[in-house]
Amino acid sequence: PSRYNLSTRVYDSNNNKATEVSQIERARTDGASGLIVCPLDVEILADTLRSVQQAGMPLVMMATEVETFGGVLIAGDDYLMGLEAGRAAGQIIRDEMGGHADVIILDYPDLKYLVTRADGLEAGVLEIAPEAHIIGRFPGGTSDNGRQSVSNLIADSVRFDVILSINDAGSYGAIAAMEAAEIDPDSVVISSV
């Protein structure tokens, strides 16, 4: 942004669908000249995004398989994104861990495309390291969700040595939880989309 002399501001809905609507409206009131939106629920945002479209405001949607409201859609094949990150972890498990690992997946079940990404993560790791043990899927998607999920697992004495995450935000939360529990994050393999 500084390269083009553009100012930026993050309006964080803190993973609250209703707050996302008010944050978009607030950005417009604050004089935003364009928006990049990571929608939590396009149906809830529809009226607000139609208003953005009618105003001719530049819009980038960071999601898959959603209406663009006159904006640009930036996305990829979520399953393939997950598959490749899962395969990368599978190679480490196979080559450096003897093919065995206890794996947790940080997922986000509220959004179908992120569940698809998590499906790819699981398939990819098991394709390369079929003996890996998938402990389960836990809320990720945001730093807070990843931190809480991993904190809960640690508190419940669940042993894991690999984390697969649908995005980096969940991974950062997982790292914060491990650091808070005085677990060296370098002792756990993290593969993230």
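Residues numbered from 1 in each chain as written. Predicted model: local features only at pLDDT ≥ 70, side-chain atom pairs only at ≥ 80, totals over all residues. Heavy atoms only, no water.

(A) Here's a closer look at the overall build of the protein chain. A tally of helices and strands in the protein chain yields six helices and seven strands. Its helices and strands taken in sequence order, the protein chain reads α-β-α-β-β-α-β-α-β-α-β-α-β from the N to the C terminus. Expressed along its principal axes, the backbone C-alpha trace of the protein chain runs to roughly 55 × 35 × 30 Å. Across the protein chain, contacts joining residues at least 24 apart in sequence account for 65% of those joining residues at least 6 apart. Just so you have it, the protein chain exposes about 10,300 Å², and 49% of that area is on carbon and sulfur atoms. Taking the 13 positively charged and 29 negatively charged side chains of the protein chain as two groups, their mean positions are separated by 7 Å. (Helix = DSSP H or I, 4+ residues; strand = E, 2+ residues; numbered from the N terminus. Contact = heavy atoms within 4.5 Å. Areas by Shrake-Rupley, 256 points an atom, 1.4 Å probe, with all protein chains shown as cover. Lys, Arg positive; Asp, Glu negative; His and termini not counted. Charge placed at Lys NZ, Arg CZ, Asp CG, Glu CD.)

(B) Local environment of the packing of helix α1 (residues 17–29) against helix α2 (residues 42–54). Contact geometry of α1 with α2 gives a least axis separation of 9 Å together with a crossing angle of 15 degrees. Relative to α2, the element α1 lies roughly parallel. In this structure, α1 crosses over α2, and the sense of that crossing is left-handed. Contacts between α1 and α2 involve K17, E20, V21, I24, E25 and R28 from the former and I44, L45, T48, L49, S51 and V52 from the latter. Broken down by class, the residue content of the contact of α1 with α2 amounts to six nonpolar, two polar and four charged. (Axes fitted to C-alpha atoms, helices over the stretch in contact; angles between N-to-C directions. Parallel < 35°, antiparallel > 145°, perpendicular 65-115°, else oblique. Left-handed = near helix turned anticlockwise from the far one by under 90°. Nonpolar A, V, L, I, M, F, W, Y, C, P; charged D, E, K, R; others polar.)

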